[in-house]
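Analysis of the macromolecular model
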Amino acid sequence: NSARFSVIIAGLGAIAATCTGLLAGLTSNYRGDYVGVLTTHRWLGIATCVLILTTAILSEFANRKNSSPLRLCYRIAILISVILVGATGFFGGMLFYGIEHY
């Protein structure tokens, strides 16, 4: 139950982060190499939001139907979501700290 709750909260947070990030991106004035980094960060953020919301839906279906294939899909979606959150954060760090920050 706590995992389901956490995924639902993550979905709500992803919606908020995506909306505020898109608004911030509209008012940004990045130039040069940063334009590509911003575009990559934007699309990774949108993909992460969609996948986390899909994961929340899978979580509910897997719990209600008690289905092993749905549970496996849910676990795979969580794993991919974690990877996407890390990648999105990396590109966000590049925007904030500079391209050579690592």
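Up top is the structure.
Structural notes, computed from the coordinates. (Residues numbered from 1 in each chain as written. Predicted model: local features only at pLDDT ≥ 70, side-chain atom pairs only at ≥ 80, totals over all residues. Heavy atoms only, no water.)

Comments concerning the environment of S28
Quick note on the threshold: Starting at the N terminus, helices and strands are each numbered in turn, a helix being any DSSP run of H or I of at least four residues and a strand any DSSP run of E of at least two. Summary of the burial criterion: residues with accessible area below 20% of their type's maximum are buried, those above 50% are exposed, and those between are partly exposed, where the area comes from a 1.4 Å probe applied to protein chains only. The term polar contact refers here to a pair of N or O atoms within 3.5 Å; inside protein, the definition further demands a hydrogen-donor-capable atom paired with an acceptor-capable atom, and it admits residues adjacent in sequence only when both atoms are side-chain atoms.
Locating S28 in the fold gives a position in the loop between helix 1 (2–26) and helix 2 (33–65). For S28, a relative accessible area of 26% gives the class partly exposed. It is 42 Å that separates the C-alpha atoms of S28 and N63, two residues lying 35 residues apart in sequence. Polar side-chain contacts of S28 include one of 2.9 Å to the backbone oxygen of G25.

Some thoughts on the packing of aromatic side chains
Worth spelling out the cut-off: Aromatic rings from Phe, Tyr and Trp, with only the six-membered ring used for Trp, were paired whenever their centres fell within 6.5 Å, and each pair was classed as stacked if the ring planes differed by under 30 degrees, edge-to-face if by over 60, and tilted otherwise.
Per the stated rule, a full pass over the model turns up three aromatic pairs. Measuring from centroid to centroid gives 6.0 Å for Y30 and Y34, while their planes differ by 25°, and the two rings are stacked. Given the relative accessible area of 33%, Y30 is considered partly exposed. Taking relative accessible area as the criterion, Y34 reaches 26% and is therefore assigned partly exposed.

Considerations on the nonpolar core
Note the threshold: The definition of a nonpolar core used throughout is a set of buried Ala, Val, Leu, Ile, Met, Phe, Trp, Tyr and Cys residues joined through side-chain atoms within 4.5 Å. By definition in these notes, contact holds between two residues if any of their heavy atoms fall within 4.5 Å.
If you look at the biggest cluster of nonpolar residues, it comprises eight residues: V7, L44, L51, A56, L58, Y74, A77 and L84. Elements that contribute at least two residues to this core include exactly helix 2 and helix 3 (68–97). In terms of residue count, helix 2 provides more of this core than any other element does, four residues in total. The residues touching L44, leaving out its near neighbours within four places in the chain, are L84, A87, T88 and F91.

Considering the pattern of salt bridges
Selection rule: Salt-bridge detection follows one rule: a side-chain nitrogen of Lys or Arg within 4 Å of a carboxyl oxygen of Asp or Glu.
Taken as a whole and judged by the stated rule, the model has two salt bridges. Residues E60 and R4 are paired through a salt bridge, measuring 3.1 Å at the closest nitrogen-oxygen approach. Of this pair, E60 sits in helix 2 while R4 sits in helix 1, and the two are 56 residues apart along the sequence. Between E60 and R64 there is a salt bridge whose closest N-O contact spans 3.5 Å. In this pair, E60 and R64 both sit in helix 2, four residues apart, roughly one turn of the helix. Residue R64 is classed as exposed on the basis of its relative accessible area of 67%. A single network of salt bridges, built from pairs that share partners, joins R4, E60 and R64.

Don't take any of this as a statement about function, it's just geometry.
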